[in-house]
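Architecture and fold: a report
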Amino acid sequence: MLETLQQLDQQLLLTLNGMHAPFWDNFMWIVSAKLTWVPMYATLLYILCRNFNWRISVLTVVAIALTITYADQICASVIRPLVERMRPSNPNNPISEFVHILHGKRGGRYGFPSCHAANSFALAFIVMFLFKQKSISFFLLGWAMLNSYSRIYLGVHYPGDLLAGIVVGLSGAVIIYQFYRYVVKCPQAEKRLRMGDSDRQLLNHPQDIRHTRTTIYMGTLTLLAIAVYSAIA
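Let me sum up the structure you'll find in this document. Computed from a predicted model, the values in this text were never measured in an experiment. (Residues numbered from 1 in each chain as written. Predicted model: local features only at pLDDT ≥ 70, side-chain atom pairs only at ≥ 80, totals over all residues. Heavy atoms only, no water.)

Here's the deal with the layout of surface pockets
One number sums up the size of the largest pocket: a volume of about 730 Å³. Together, 30 residues line the largest pocket, and Lys 34, Tyr 41, Ile 68, His 116 and Asn 119 are the ones closest to its centre. Put simply, the parts of the chain that give the lining of the largest pocket at least two residues each are helix H2 (22–32), helix H3 (38–51), helix H4 (54–83), helix H5 (115–131) and helix H6 (134–153). Top contributing element to the lining of the largest pocket by residue count: H4, with seven residues. Its residues assigned to classes, the lining of the largest pocket shows 15 nonpolar, nine polar and six charged. The space that makes up the second largest pocket amounts to roughly 190 Å³. In this structure, the second largest pocket is lined by Leu 2, Leu 5, Gln 6, Leu 8, Asp 9, Val 83, Arg 85, Phe 112, Pro 159, Gly 160 and Leu 163. Those elements giving two or more residues to the lining of the second largest pocket turn out to be helix H1 (2–17) and helix H7 (159–185). Sorting elements by how many residues they give to the lining of the second largest pocket places H1 first, with five residues. (1 Å grid on protein atoms, 1.4 Å probe; cavity = no way out; pocket = protein on both sides within 12 Å on 5 of 7 lines; lining within 4 Å. Points joined across faces, edges and corners; volume = space filled by probe spheres on them. Helix = DSSP H or I, 4+ residues; strand = E, 2+ residues; numbered from the N terminus. Nonpolar A, V, L, I, M, F, W, Y, C, P; charged D, E, K, R; others polar.)

Right, here's the structure in full:
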């Protein structure tokens, strides 16, 4: 059974990775870069600062950071050393000669689960839990899917690596969000966080948080910029 799944995983990778073109080479390369999305990440801080006092904003940023750190470390430091599944791009992997590689980038030795997928979906899920707004939730889930798919396109991850990463990211978001809710609901929290009526209202009804479309606008603008650059490069 496991061997059959691995064969299907390899076949799906080679099929998806084999569909490439100069435009998409440029596009997926930039999408996959870590620094590409810093402006979009910054908008999340902007949203928090515009809605909450600085103490709650800092606490929420810490919760988001812990979620991503959990996802990243569970994948990189716990599961990968145990499973030791080579990346498809690894020169020691027999299928590597059939994999489309860009700019000679092959990643590290092991790739299960995908840290890119885990981190991207950890962010998407924790924001979805925190804000509970359909527009930003759907946008970030779509962004996470694109960011994850870019790893297949670049030949550094199997589809199965991404699925496992998504599960890890979701688990991190659930765990940290429950802890976050416990902290802000503690009787002592109101005094320590100096909650006002507005803060309390938004924590109980996060669907009323304003300016969440800022993240959507910045993310969309970044995608358009990537597309234009990819077309003319």
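Now that the structure has been shown, we can carry on.
Quick notes on the side chain of Ser 114
Its location among the elements puts Ser 114 in the loop between H4 and H5. You can call Ser 114 buried: its relative accessible area is 0%. In terms of polar contacts, Ser 114 uses its side chain to reach the backbone amide nitrogen of Ala 117, at 3.0 Å. Not counting the four nearest positions on each side in its chain, Ser 114 is found in contact with Cys 75, Arg 80, His 157, Asp 161, Leu 162 and Gly 165. (Buried < 20%, exposed > 50% of the residue type's maximum accessible area, 1.4 Å probe, protein only. Polar contact = N/O pair within 3.5 Å; in protein donor to acceptor, adjacent residues only side chain to side chain. Contact = heavy atoms within 4.5 Å.)

Focus: the state of the cysteines
The full count for this structure, using the stated rule, is zero disulfides. Free cysteine Cys 115: the closest other cysteine sulfur is in Cys 75, separated by 4.8 Å. (Disulfide = S-S within 2.5 Å.)

Let's talk about the environment of Ile 166
Residue position: Ile 166 is located in helix H7. Using a relative accessible area of 23% as the deciding quantity, one classes Ile 166 as partly exposed. The spacing of Ile 166 and Ala 118 is 48 residues in sequence and 5.1 Å in space, taken between C-alpha atoms. For Ile 166, the contacting residues outside a window of four places in its chain are Ala 117, Phe 121 and Phe 125.

Some thoughts on the nonpolar core
Core analysis: the largest hydrophobic core is formed by 46 residues, its most contacted members being Val 127, Phe 131 and Leu 140. For Leu 140, the contacting residues outside a window of four places in its chain are Met 40, Ala 124, Val 127 and Thr 215. (Core = buried A, V, L, I, M, F, W, Y, C linked by side-chain atoms within 4.5 Å.)

As for unusual backbone geometry
Pro 113 follows Phe 112 through a cis peptide bond whose omega is 0°. You can see Pro 113 is positioned in the loop between H4 and H5. Of note, Lys 132 is a non-glycine position whose phi angle comes to about 50°, a positive value. For Lys 132, a relative accessible area of 43% gives the class partly exposed.

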